[in-house]
Structure formats: C-alpha cells, structure tokens
Amino acid sequence: MFTSSMKRRDFLKRSALTGAAIGLGGSLPFVTLSRASAAGDEAELKIQIDWLVSNSQVGDVVAVQKKFYEEQGLKVTIIPGGPNSQTAPSVLSGQALLGEFSGLGQAMVASGNGLPVQVFACGYQTSPFGFISMPKSPIRKPQDMIGKKIAIQPTGRFVMDLIFMKNKIDPASVTVINAGSDVTPLLAGQVDCVTMFITNANALATLGPDYVTMTQHDAGVPSYANAYFSSKETIQKHHSIITRFLNATAKGWAWTHDNPEEAAGILAKAYPNLDAAQEKATMNKIMQVAFNADTKADGWGTISTERVAEMIELYKAGKRFDKIVPKVEDVVTFDFLKATAAARPKFG
C-alpha cells in the first residue's frame, strides 16, 4: 500500500486532515489487535470510542461483561476517548483493527474522499438523530419546520439541509441557530426545537414525558448508524477475527433485546457516570433504532443495498462528495453479514 515510510507519513497526515474535514468525529469506537497465542487463535481487541461510553454501546458492553467475546477467543476492552479523536486514520494506519462510524454517511463521505474503508455491519437501522420540540410548538413532520427557530449542532446541519432538499423546503423559511445538545433554550422558549440523539437519556430526562420527536428517518432521509468498519486491507487479512467479533457483538445485542432493563443496569454498573434509571427509561428507543422489520427478516446489523444506494444518490444531490461518487460496493462489504447470518438475532 505504501512504497516508502515517507509516503506512509504523508498519507496518514492527509488522512487525519481529511477525517477532520469530513467530520469523522462522534462516537467512533475502534479495535486494536494483538496476538495472544502462538497459533494466532486468540486476539486482544481494544475498542476505543471517541467520547464517553453511552447506551450506544450497550450491546457491546453486555458482550464484554457476559464474556461473549471470550467465547469467540477474543479479549475486548472498551476505551473512552476525547474530543479530538479520529477513527479512520487510526484504522488506516494499522493502529486499530476496526472502527465504528456513528453514521453510515461518514463511511460514504470517507470513501468519496478516496479512503479505503468498508462497513461490514450497522448496529442501528436508523440514525437516532432527532429534532426535539414541545407540544405548544411541535415539529412532527418536515413542513412543521417552516417558520420555526431551530437550534442545531454544526455537525448536524447537513442532515437538516438534506431534509430541506428532500421535502422541497426553502431554507430561508427556517431560522437556524448553531448550538449544542442543551435543552435549556427549548425549555426557556428561546427556540422551537433542539437537535440531539433521541437516545440521550440525560438531556431528555429534563423535558418530561410530553416532548415531540421527529427523526431524520421520519423526515424521509434514509440512514444507518453505529456502522462497524475496517480498512479494505484488514478485511482481506483478518476475516476470521472480524467474523468472531461480529458473532459476539450480535449475541450481546440479542441478550440486550431480551433483557433491556438488565442490560441498562449492566451498562450503568460498568460505567458509574451513567444513571441506571435514565438508561432503563431510554432502552425502548435503543431497541427501536437497533431492531425493525429488516432485522426481523435478515438479522441484527443487516444493511440494505437499496438503502445505501438511495443514500449515495441523496448525498450526491447534496454535493457531499468532494472527489468521487462511491458505489455501494465501495462503501459496504456484505461478506461478514453472510458469514454470521445464523448468529445474528432476528428481532423486529
């Protein structure tokens, strides 16, 4: 892949800059590999996430605590990250074996920038990114955004632009304010809507039970989230390791589906900064984005060729690709979904 150490350093420097430019931040776990036996039958995987561990990793945490990874000959440690972590450069440099993009769109943009990465499973069937409003000024459908004041994170602005484009809404008809995930402006009546993950237990707990949610899926913008990926080179070399990892992760999510409150308790016990009661209250939303009719038919983690193709066309229309327009096979490999078909739970 690299003809000299200088070219390798140049590539990593460009990859890091590209990662920052295309927004490869977010909750992005990666996995590092080290041989644990002379035969190479066991592997130690360190899962590095970009931020603090949250309920987005509940199935993975369960797989660790229930020793499902150990059953597959893997020793997995989940390591929290910081505000400036970048996953794609770590995976492409060989420092990490696997990564997890918070959204499949990030993998498409990375591929469109020429980075040799492929997604092999998606833990969430739809993105949990949502528009949160209150009953006095609700946003239940895209047209309800017209005339409203919406606070949105800069990283989510492109999703909003896609919603405008898909639903033929004039951006000038909506007042947009850059903000974080703080719900205070919404409670104070300063804005009509804030954006955040609908699985953000801590923030949503302050709103009470009557808030209104519109996800990007509700708005007609297709998505996948928690997209497990690796470099194309690693995918070719470590098929067995990735297959075992996916088998164990799927088992963790199956157990979580069957025991959601216990899974939330396991998560909060492993990470005491999380509130067990709030996490339990949010598990129904986790299950809604992790399992649907597609997973009932094809198993947890499944990916639809048609939906990825639709996403690529939408991103193309939104001028999201700087260099090339990737094909479905550039972004996703279906080999591991086929290899783990029997192990991935079919709930929906």
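Up top is the structure.
Attention here is on the structure that accompanies the text.

Each value, and the rule that gives it
Residues numbered from 1 in each chain as written. Predicted model: local features only at pLDDT ≥ 70, side-chain atom pairs only at ≥ 80, totals over all residues. Heavy atoms only, no water. Helix = DSSP H or I, 4+ residues; strand = E, 2+ residues; numbered from the N terminus. Contact = heavy atoms within 4.5 Å. Areas by Shrake-Rupley, 256 points an atom, 1.4 Å probe, with all protein chains shown as cover. Pairing = 2+ DSSP bridges. Right-handed = clockwise from strand over helix to strand, strands pointing away. Axes fitted to C-alpha atoms, helices over the stretch in contact; angles between N-to-C directions. Expected span 1.5 Å × (residues − 1). Bend = angle between axes of the 7 residues up to and from the residue. Buried < 20%, exposed > 50% of the residue type's maximum accessible area, 1.4 Å probe, protein only. Salt bridge = Lys/Arg side-chain N within 4 Å of Asp/Glu carboxyl O.

Points about the overall build of the protein chain
And then number 1: Secondary structure assignment for the protein chain yields 16 helices and 11 strands.
And then number 2: In the protein chain, once contacts between residues fewer than 6 apart in sequence are set aside, the share between residues at least 24 apart is 79%.
And then number 3: When the accessible surface of the protein chain is split by element, carbon and sulfur atoms take 51% of a total near 15,100 Å².

Here's the deal with the pairing of strand β8 (residues 175–178)
And then number 1: In the sheet, strand β7 (residues 149–152) pairs with β8 via 4 bridges, with the strands oriented parallel. The residue of β8 that forms the bridge with Ile 152 is Asn 178.
And then number 2: Crossover β7 to β8 through helix α6 (residues 157–166) is right-handed.

Looking at the sheet that holds strand β10 (residues 212–215)
And then number 1: With mixed pairing, the 5 strands of this open sheet are ordered in space as β8-β7-β9-β6-β10. The open sheet has two free edges, formed respectively by β8 and β10, since each of these has just one partner strand. Each strand of the sheet is rotated relative to its neighbour by a mean of 30°, with strand direction disregarded.

Section: helix α12 (residues 276–290)
And then number 1: Along its 15 residues, α12 runs 20 Å from first to last C-alpha, staying within 8% of the 21 Å computed at 1.5 Å per residue.
And then number 2: If you look at α12, its biggest bend is around 40°, right at Thr 282.
And then number 3: Residues of α12 that are buried: Glu 279, Thr 282, Met 283, Lys 285, Ile 286, Met 287, Val 289 and Ala 290.
And then number 4: In this structure, the buried residues of α12 make contact with α2 (58–65), β5 (117–124), α8 (201–205), α10 (239–258), α11 (260–270) and α13 (293–298).

Description of the pattern of salt bridges
And then number 1: Applying the stated criterion to the full structure yields 7 salt bridges.
And then number 2: Of the charged contacts, one joins Lys 251 and Glu 71 as a salt bridge, the two residues approaching to 2.9 Å between their closest N and O atoms. Residue Lys 251 is located in helix α10, and its partner Glu 71 is located in helix α3 (residues 68–71); the two are separated by 180 residues in the primary sequence.
And then number 3: Judged by relative accessible area, Lys 251 falls into the partly exposed class, the value being 37%.
And then number 4: Asp 144 serves as the salt-bridge partner of Lys 141, at 2.9 Å between the closest nitrogen and oxygen.

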